[in-house]
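Inside the fold
Residue-level listing of the chains:
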Amino acid sequence: GDSVTQTEGQVALSEEDFLTIHCNYSASGYPALFWYVQYPGEGPQFLFRASRDKEKGSSRGFEATYNKETTSFHLQKASVQESDSAVYYCALGAMQQGTGSKLSFGKGAKLTVSP
Amino acid sequence: DPKIIQKPKYLVAVTGSEKILICEQYLGHNAMYWYRQSAKKPLEFMFSYSYQKLMDNQTASSRFQPQSSKKNHLDLQITALKPDDSATYFCASSQPRGYEQYFGPGTRLTVL
């Protein structure tokens, strides 16, 4: 079945550091790829998505590029802020015929940014 | 104003009882979903509905039954509750052919 692998469980950075959170996927067909962010006590929030090879998604300074060859969608941000501290989830969307998209999530990466 | 409402925010139940988790969305979406998040597993897809019809069910147990009384409602009935059912349950919605899903704030269920 479809799956998403996130290797970093915890990421600790200082403000203005460069962020990379790795995401690799396994899927049949051509899935859409997403990043979601979750703050304590809240539901996941959609960050951005990409639907085709080499497409870049971006939002709030975060970005990721769909790479079909390496089956990756790594999240990056040039300069993190303390307010970016949250859990980041990579997800894969398998479109069902005529319906919405079932999302398969990775395990998440907890980002902690120190001032 | 919140676009997806989940009630209650917190729920405590005893083993063997039955509870209903409420979800209403005001985004005009026609597809709705339930996901579960626990300490043991990350966000896990449970059900998807489109135009009030069940499209996909990834829940092994029949104790979990979604109920859609209105287009913008998708409640989740859980019967014969077990401690392993303790988790936060998230409702989400999207356009039927859209990809982005928008999540509610969740209902945190604790089964004693």
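Higher on the page you've got the structure.
The structure displayed is predicted, hence computed values, not measured ones.

Reading the values: rules and limits
Residues numbered from 1 in each chain as written. Chains lettered and ligands numbered in written order. Predicted model: local features only at pLDDT ≥ 70, side-chain atom pairs only at ≥ 80, totals over all residues. Heavy atoms only, no water. Pairing = 2+ DSSP bridges. Helix = DSSP H or I, 4+ residues; strand = E, 2+ residues; numbered from the N terminus. Axes fitted to C-alpha atoms, helices over the stretch in contact; angles between N-to-C directions. Contact = heavy atoms within 4.5 Å. 1 Å grid on protein atoms, 1.4 Å probe; cavity = no way out; pocket = protein on both sides within 12 Å on 5 of 7 lines; lining within 4 Å. Points joined across faces, edges and corners; volume = space filled by probe spheres on them. Buried < 20%, exposed > 50% of the residue type's maximum accessible area, 1.4 Å probe, protein only.

1. Considerations on the sheet that holds strand β7 (residues 56-59) of chain A
Hydrogen bonding along the main chain pairs the strands of a sheet, whether they run parallel or antiparallel. Residues and elements named next belong to chain A. Spatially, four strands are ordered β3-β9-β8-β7 in an open sheet, and the strand pairing comes out antiparallel. Each edge of the open sheet carries a strand with a single partner, namely β3 (19-21) and β7. Across the sheet, the mean angle from the axis of one strand to that of its neighbour is 20°, orientation sign disregarded. Where β3 lies against strand β9 (residues 75-77), three bridges are found, and the strand directions are antiparallel. Each bridged residue has a counterpart across the sheet, and for I21 the counterpart in β9 is L75.

2. Side note on the sheet that holds strand β7 (residues 64-67) of chain B
All names here are of chain B. Across the sheet, four strands lie side by side as β1-β3-β8-β7; this open sheet has antiparallel pairing. Only two strands of the sheet have a single neighbouring strand rather than two, namely β1 (4-7) and β7. Here the average twist between neighbouring strands, direction ignored, is 15°. As paired strands, β7 and strand β8 (residues 75-78) are joined by four bridges and run antiparallel to one another. By the bridge assignment, F64 is partnered in β8 with I78.

3. Observations concerning the environment of B:S17
All names here are of chain B. You can see S17 is positioned in the loop between β2 (10-13) and β3 (19-25). Taking the C-alpha atoms as reference points, S17 and A80, separated by 63 residues in sequence, lie 5.3 Å from one another. Setting aside anything within four residues of it in sequence, one finds S17 in contact with I78, T79, A80 and L81.

4. Here's the deal with the layout of surface pockets
A probe matching the size of a water molecule, rolled over the atoms, marks out where space remains unfilled. Of the volumes computed, that of the largest pocket is approximately 670 Å³. Lining the largest pocket are 27 residues, with A:Q38, A:G41, B:Q37, B:T88 and B:F90 sitting closest to its centre.

5. Digging into the pairing of strand β8 (residues 62-65) of chain A
Residue and element names in this part refer to chain A. Along β8, the buried face is formed by F62 and A64; none of E63 and T65, which line the opposite face, is buried. Alignment of β7 against β8, held across four bridges, turns out to be antiparallel. For K56, the partnering residue across the bridge sits in β8 and is T65. In sequence, β7 turns back onto β8 through a hairpin of two residues, with R60 there showing a positive phi of about 55°. Bridge count for β8 against β9 is two bridges, and the pairing is antiparallel.

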